[in-house]
Amino acid sequence: LIDLAVALKCFGVATGYLIIVGDSMVDALDHILLPNGIDDENDASMIVSWVLSRQFWIVGALLGVLPVSFFQSFDSLKHASAAALVFVFMLAIGIVAYAQDLADPCEGYENEYECRGSVVPYTDAKSTLEKLPIFIFSFTCHQNIFPVVSEIQNRTMARINIAIMSAIGFGFIMFWIVAIEGYMTYGSHVKGDILLNYPETGKVTVMRICIAFMLTLHYPLQLDPSRRCIMSLIKEIQNVLSSSSSSKNSKHMTVVTTTTQSEQQQQQRPPYDDSQIESSTLFANIRQSNIPHKDYNSSGTEMQQTQGKRTPLLDTANETILNDSVAKQSFETTKTPSALAESSKSSSSSVMFYVVTFGFLLFSFATALVVDDLGVVLAMVGATGSTLVSYVLPGLIYIKLHPSDKFDGTKIMAYVQLVLGCLIMPIALYFVLRGASVH
């Protein structure tokens, strides 16, 4: 359940990144290549029309993420992530500059009323629930905590908490600045993509390019957890199929081996009555007892065995048991050598890594080409996948891991988190779908 939820959530986010990159670059290049607009379709050359198509930039975004999509650790992505943070700061600085009237946010509008809407301290419950998935979506980075923790040097709980609080704190500050300053600039007229409010100027073009590069560099941060979860699901399915197949083969081998050994013993054994000894186990029991028994020598002559005397047949039986045991151990060792098993497992994991990566990229690319607006889809992902990852699963996992603990503050909060998630998911999803149908 966890792997499936994380994989689908990250796939939706990564696909949204490609769509936003395509739309942002089209708007940015439109201002650069056609600053005065075009009155006739023939005024634009074929190359310009090609460059101004969103499909062109989605392909470009896919080619851009390829070099950073095959790293197997977050440490390998540190340079790309650092570059992405630079673009985040540039975007935030631009929004603050327009909010503080360092640049005219209403340039190109006929009057200020068309530019700025009303500013209210709070909204009604309906509007809040419709936008709640966006807030949940913004802070859903839980899927990356496992590789982050595994790669922290000198790992302690204190260092892990510092990493978690730093990430959430930095994200909260950046979201607060962009949300408050953007809302104070345009009020109720602010759009979901705030860059759509700003005038078509060189400054806004730079901000759009910053968003495009930022999301391209952030794409691997969604690809990596989704890939890990998909590989985990594939391995789990393989284990189930393998255990089922092994169980069937084991039963079949047991029947075949028993039949073959019985036939070999029947061929090697001298003729005797059915009432006489038929297994090496009985030989051992008889040897420990005082009961004399009958046997035959190599010529088939009956031999009387008594206590304390070794018999040719007993020696032969013991030797047969030893040889069978050695042969069985040799067969098992030859059948499953540890070196070959480890090599095969490593090779299989490597192939699976590349297959899953290419599959993720291709499906994400194809979806971004076909769908030009993922607003409702991303809201649904926020209402379902993000709520599941952020609220339901953390609370549920803690409760399952600590079933016998007393109800302290942590366990109470785990139940609160679980209940909130179960309530938020259907309510937010209802209002998202209702709002989409109205629009």
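Residues numbered from 1 in each chain as written. Predicted model: local features only at pLDDT ≥ 70, side-chain atom pairs only at ≥ 80, totals over all residues. Heavy atoms only, no water.

Q: Explain unusual backbone geometry here, please?
A: Both trends apply: most residues other than glycine have a negative phi, and most peptide bonds are in trans. Of note in this structure, Asp101 is not a glycine but carries a positive phi near 60 degrees. Among the secondary structure elements, Asp101 is positioned in the loop between α4 (78-99) and α5 (112-115). Positive phi, normally seen in glycine, also occurs at Asn154, with a value near 50 degrees. In this fold, Asn154 is placed in the loop between α7 (145-151) and α8 (157-186). For Asn154, a relative accessible area of 63% puts it in the exposed group. (Helix = DSSP H or I, 4+ residues; strand = E, 2+ residues; numbered from the N terminus. Buried < 20%, exposed > 50% of the residue type's maximum accessible area, 1.4 Å probe, protein only.)

Q: Just checking my understanding: could you explain the packing of α4 against α8 for this structure?
A: Each pair of packed helices gets described by two things: the angle between the helix axes and the distance between those axes. Between α4 and α8, the shortest axis-to-axis distance is 8 Å and the interhelical angle comes to 30 degrees. In this view, α4 runs roughly parallel relative to α8, as classed from their interaxial angle. Two packed elements cross with a definite hand, and for α4 against α8 that hand is left-handed. Facing α4, whose interface residues are Leu85, Val88, Phe89, Ala92, Ile95, Val96, Tyr98 and Ala99, α8 presents Phe170, Met174, Ile177, Val178, Glu181, Gly182 and Thr185. Its residues assigned to classes, the contact of α4 with α8 shows 12 nonpolar, two polar and one charged. (Axes fitted to C-alpha atoms, helices over the stretch in contact; angles between N-to-C directions. Parallel < 35°, antiparallel > 145°, perpendicular 65-115°, else oblique. Left-handed = near helix turned anticlockwise from the far one by under 90°. Contact = heavy atoms within 4.5 Å. Nonpolar A, V, L, I, M, F, W, Y, C, P; charged D, E, K, R; others polar.)

Q: What am I meant to see in α8 here?
A: Owing to its 3.6 residues per turn, the α-helix brings residues three or four apart onto one side. Compared with an ideal rise of 1.5 Å per residue, which puts 30 residues at 44 Å, α8 spans 43 Å between its outermost C-alpha atoms and is within 8% of the ideal. Turning to α8, its buried residues number three or more, namely Ile160, Gly171, Met174, Glu181, Gly182, Thr185 and Tyr186. Against the buried residues of α8 lie α4, α5 and α7. One or two residues past the end of α8 sits Gly187, with phi positive at roughly 60 degrees. (Expected span 1.5 Å × (residues − 1).)

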